[in-house]
Amino acid sequence: MTEAAAVPAVDLPGGVRMPMIGFGTWLVRGKAGREALRAALAAGYRHIDTATMYGNEADVGHVLASSGLARDEVFITTKLPSGKAGRERATLAASLRALGTEYVDLWLVHWPPQDRMLIPVWREFLALRDEGRARAVGVSNYSLAQIDRLIKATGEAPAVNQITWSPGRYDAALLKGHQERGVAVEGYSPLKRTNLASPVLTEIAAAHGVTPAQVVLRWDLEHGVTVLVKSAQPERIAANIDLLRFSLSPDEVARVDALAR
Ligand SMILES: NC(=O)c1ccc[n+]([C@@H]2O[C@H](COP(=O)([O-])OP(=O)(O)OC[C@H]3O[C@@H](n4cnc5c(N)ncnc54)[C@H](OP(=O)(O)O)[C@@H]3O)[C@@H](O)[C@H]2O)c1
């Protein structure tokens, strides 16, 4: 069995299943970027996180087209820059062209737009989803209060909120707030914002024969958070998805939670 088959998935509305380990592509571009993407697919990632702003959708499209994988085997996310508010349709069309696909699995508003555009952008997202251009739609970097405004205006919660999430920023109330609203959390920058030399992480890592980075990524999964992680190095790319042969005890999870400042 490949790792891909074993990666757990989160159920989003509309029967969409999102693999809980995604390959981040911020700064993954050009020839080196395409090599990293090929290494990620070879290592078993079946969830790719890109964005209009990353300038690499064509690289993602190129690698997927030459991968031999069927379109429905890979979960693709892209994002609308908030500066493109009001130009949702044209922006998504450009993303789809660059990615070489008829639809994305998840389309996110990258950052909250100007306040007066918050609801109009969300309505347009729902319309484009209903037209089949995105299987699920969501947001990124939104507060719970902003999510509540979307729900109040349209009756529809975002499928996902993609937010910064790492041990130093652990926030039980924020996680619970998303759960109560039925919004899946995707966590970005799990490693970049973490001191991987922290004794708590190195001790837990040694106990499981894994690296501190793997402990952090597994900690996300233990909390039901879909983890997005980027690396340009093949060994790290492979290690970062190798999270399914160990688990953290409740006590270990609590010790990592306590790293929050
Ligand atoms: N929605 C948003 O506003 C938003 C914002 C930021 C990020 N994101 C998404 O989330 C993804 C992940 O976040 P991120 O790229 O900011 O941060 P990240 O994945 O936490 O960290 C990436 C950094 O960690 C290093 N690294 C990777 N694996 C490692 C390992 N096993 N041990 C030690 N260091 C390791 C990488 O270096 P090497 O490449 O040299 O390995 C890179 O410098 C992004 O790529 C992007 O797709 C979204």
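Residue positions are counted from 1 within each chain, in the order its sequence is given. Only residues with pLDDT of at least 70 get local features here, since the model is predicted, and only at 80 or more are side-chain atom pairs given and counted; chain-wide, interface and lining totals rely on the full set of residues. Each side-chain value is worked out from all heavy atoms of the structure, with water and hydrogens disregarded.

Peer 1: So what exactly am I meant to see when it comes to helix H9 (residues 212-222) here?
Peer 2: Turn by turn, an α-helix covers 3.6 residues, leaving residues three or four places apart pointing in a common direction. Buried means the residue's accessible area, taken with a 1.4 Å probe over protein chains only, is under 20% of the maximum for its type, while exposed means over 50%, and partly exposed covers the values in between. Numbering of helices and strands runs from the N terminus, with a helix taken as a DSSP run of H or I at least four residues long and a strand as a DSSP run of E at least two residues long. Judged by how many residues are buried, H9 sits mostly within the fold: nine of eleven residues are covered. Ala 213, Gln 214, Val 215, Val 216, Leu 217, Arg 218, Trp 219, Asp 220 and Leu 221 are the residues of H9 that are buried. Check the buried side of H9 and you find it contacts strand S3 (21-24), helix H8 (199-208), strand S10 (226-229), helix H10 (234-241) and helix H11 (250-257). Directly after H9, the chain includes Gly 224, whose backbone phi takes a positive value near 75°. When checking whether two residues touch, look at their non-hydrogen atoms; a contact exists if any pair is within 4.5 Å.

Peer 1: What is the right way to read the environment of Thr 211 from this model?
Peer 2: Within the secondary structure, Thr 211 sits in the loop between H8 and H9. For the pair formed by Thr 211 and Ala 239, sequence separation is 28 residues and the distance between their alpha carbons is 8.6 Å.

Peer 1: How do you make sense of the confidence of the model for the protein chain when you look at a structure like this?
Peer 2: Should pLDDT be low for a region, the predicted coordinates there are not to be read in detail. What pLDDT reports is the predictor's confidence in each residue, on a scale of 0 through 100. For the protein chain, per-residue confidence averages 96 on the pLDDT scale, and 98% of positions sit at 70 or higher. Below pLDDT 50 for its whole length, residues 1-5 participates in seven contacts with residues either more than four positions away or in separate chains.

Peer 1: Help me out: how do you make sense of the packing of aromatic side chains in this one?
Peer 2: Any aromatic ring pair is given by two values, namely how distant the centres are and how the planes are angled relative to each other. Stacked, tilted and edge-to-face are the three classes applied to pairs of Phe, Tyr and Trp rings, where Trp contributes its six-membered ring and a pair requires centres within 6.5 Å; stacked means planes under 30 degrees apart, edge-to-face means over 60, and tilted covers the rest. Overall, the coordinates contain seven aromatic pairs when judged by the stated rule. For the pair Trp 26 and Tyr 54, a centre-to-centre distance of 5.3 Å together with 50° between the ring planes defines the contact as tilted. Of this pair, Trp 26 sits in the loop between S3 and helix H2 (30-43) while Tyr 54 sits in the loop between strand S4 (47-49) and helix H3 (57-65), and the two are 28 residues apart along the sequence. With a relative accessible area of 9%, Tyr 54 lands in the buried category. A ring pair is formed by Trp 107 and Phe 125, whose centres lie 3.7 Å apart and whose planes are at 5°; its orientation type is stacked.

Peer 1: Explain the pairing of strand S9 (residues 184-188) here, please?
Peer 2: For a regular strand, the rule is simple: side chains alternate between the two faces of the sheet. Along S9, five of the five residues are buried, which leaves the element largely enclosed by surrounding structure. Two strands make a pair as long as DSSP finds a minimum of two bridges between them. Sheet analysis places strand S8 (residues 160-164) next to S9, joined by five bridges and oriented parallel. Opposite Val 160, over in S9, you have Ala 184 as the bridge partner. If you view a crossover with the strands going away from you and the path from the first strand over the helix to the second runs clockwise, you call it right-handed. For the handedness criterion, the β-α-β arrangement of S8, helix H7 (residues 172-181) and S9 is classed as right-handed. Relative to S10, S9 runs parallel, the two being bridged by two bridges. Across the sheet, the residue bridging to Glu 186 is Thr 226, located in S10.

Peer 1: Just to check I follow, could you spell out the site of the ligand for this structure?
Peer 2: The environment of the ligand is made up of 26 residues, and the closest members are Asp 49, Ser 189, Leu 191, Lys 192 and Ser 231. Between the ligand and Gln 162, the relevant distance is 2.9 Å, taken from a nitrogen atom to a side-chain nitrogen or oxygen of the residue. In this structure, Ser 231 approaches the ligand through a side-chain N or O atom, which is 2.6 Å from an oxygen atom. If the ligand stood free it would expose 900 Å²; the protein chains cover 84% of that surface. Put simply, the grid is 1 Å and covers the protein atoms alone, a cavity is a trapped set of points that fit a 1.4 Å probe, a pocket is an open set with protein on both sides within 12 Å along at least five of seven lines, and lining residues have an atom within 4 Å of a point. Should more than half of a molecule's atoms lie within 2 Å of a pocket's or cavity's grid points, that molecule is taken to sit in it. Judged by its atoms lying within 2 Å of the grid points, the ligand is housed in the largest pocket. Nearness of a residue to a molecule or strand requires only that one of the residue's heavy atoms be within 4 Å of it. As used in this structure description, the phrase polar contact means that two N or O atoms lie within 3.5 Å; if the pair is within protein, one of them must be able to donate a hydrogen and the other to accept it, and residues adjacent in sequence are counted only when both atoms belong to side chains. Here the open area of atoms and residues is found with the Shrake-Rupley method and a 1.4 Å probe, where only the protein chains shown may cover a residue.

Peer 1: For this particular structure, what's the right way to read the sheet that holds S3?
Peer 2: Neighbouring strands of a sheet are bound in pairs by backbone hydrogen bonds; such pairs are parallel or else antiparallel. The strand order around the closed barrel built from eight strands is S3-S4-S5-S6-S7-S8-S9-S10, with neighbouring strands paired in parallel fashion. With strand direction ignored, the average angle separating the axes of adjacent strands in the sheet is 30°. In the sheet, S4 pairs with strand S5 (residues 75-80) via three bridges, with the strands oriented parallel. Bridge pairing in S5 links His 47 to Phe 75. Only the contacting stretch of a helix is used when fitting its axis, a line to C-alpha atoms as for every element, and angles between N-to-C directions run 0 to 180 degrees.

Peer 1: When you look at the pattern of salt bridges in this model, what are you seeing that I'm missing?
Peer 2: When charged atoms on two side chains of opposite charge get close, those side chains can pair. Counted as salt bridges are all cases of a side-chain nitrogen of Lys or Arg within 4 Å of a carboxyl oxygen of Asp or Glu. A full pass over the atoms with the stated rule returns 16 salt bridges. Where Glu 131 meets Arg 89, a salt bridge forms, and the shortest distance between an N and an O atom there is 2.8 Å. Taken together, the residues span a long stretch of sequence, with Glu 131 in the loop between helix H5 (118-130) and strand S7 (134-140) and Arg 89 in helix H4 (residues 88-99) at a distance of 42 residues. The class for Glu 131 is partly exposed, based on a relative accessible area of 44%. We classify Arg 89 as partly exposed; its relative accessible area is 42%. For the salt bridge of Arg 135 with Asp 105, the shortest nitrogen-to-oxygen distance reads 3.0 Å.

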